[in-house]
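# Observations on the model geometry
Read off the chains here:
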Amino acid sequence: VQLQESGPGLVKPSQTLSLTCTVSGFTFSGYGMSWVRQAPGKGLEWVSGINSGGGSTSYADSVKGRFTISRDNAGNTLYLQMNSLKYEDTAVYYCAARSDGSISSIPNSYDYWGQGTQVTVSS
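Below, the structure is looked at part by part. (Residues numbered from 1 in each chain as written. Predicted model: local features only at pLDDT ≥ 70, side-chain atom pairs only at ≥ 80, totals over all residues. Heavy atoms only, no water.)

### Some points on the overall build of the chain
- Looking only at helices and strands, the chain features 0 helices and 11 strands.
- Secondary structure elements of the chain, listed N to C terminal, follow the sequence β-β-β-β-β-β-β-β-β-β-β.
- Computed over the C-alpha atoms, the radius of gyration of the chain is 13 Å, within 12% of the 14 Å expected from 2.2 N^0.38 for a compact globule of 123 residues.
- With the C-alpha coordinates aligned to their principal axes, the bounding extent of the chain is approximately 40 × 25 × 25 Å.
- Within the chain, the proportion of its 123 residues that are buried is 44%. (Helix = DSSP H or I, 4+ residues; strand = E, 2+ residues; numbered from the N terminus. Rg over C-alpha atoms; globule rule 2.2 N^0.38 Å. Buried < 20%, exposed > 50% of the residue type's maximum accessible area, 1.4 Å probe, protein only.)

### A look at the nonpolar core
- Counting 33 residues, the largest nonpolar core has Met-33, Trp-35, Phe-67, Leu-78, Met-82 and Tyr-93 as the members making the most contacts within it.
- Listing elements by their share of this core, those giving two or more residues are β3 (17-24), β4 (32-38), β5 (44-50), β7 (67-72), β8 (77-82), β9 (91-98) and β11 (117-121).
- Sort the elements by how many residues they give to this core and β9 lands first, with 5 residues.
- If we ignore the near neighbours within four places in the chain, the residues touching Tyr-93 are Glu-5, Leu-19, Trp-35, Val-36, Arg-37, Val-47, Phe-67, Leu-80, Met-82, Gly-116, Thr-117 and Val-119. (Core = buried A, V, L, I, M, F, W, Y, C linked by side-chain atoms within 4.5 Å. Contact = heavy atoms within 4.5 Å.)

Put into structure tokens, the structure is as follows:
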């Protein structure tokens, strides 16, 4: 099982950044997927999730209206489009997979995790 995030970046406030998570080793189309982040010195924070079929999405209040999650089941890829970035979005971003296909805002409920990618918002 592998989940590989890409798209690490250093951006200025208000700019845009896209993250990609490419997976292998499990049936991606059957898994609910989420993005979870960890800011320096803080715990895990669930950011956004999408169900296995892609028809349902959910967002933390802190990113609602700015971030968009999507997935390509044929390509085994998860995406996170991040607009209007703020200083407080600085964190390591992880993609995570949940075997029952649903969305959960509880980070510990996910079965598989990527290694994380750093996003830094700084002027």
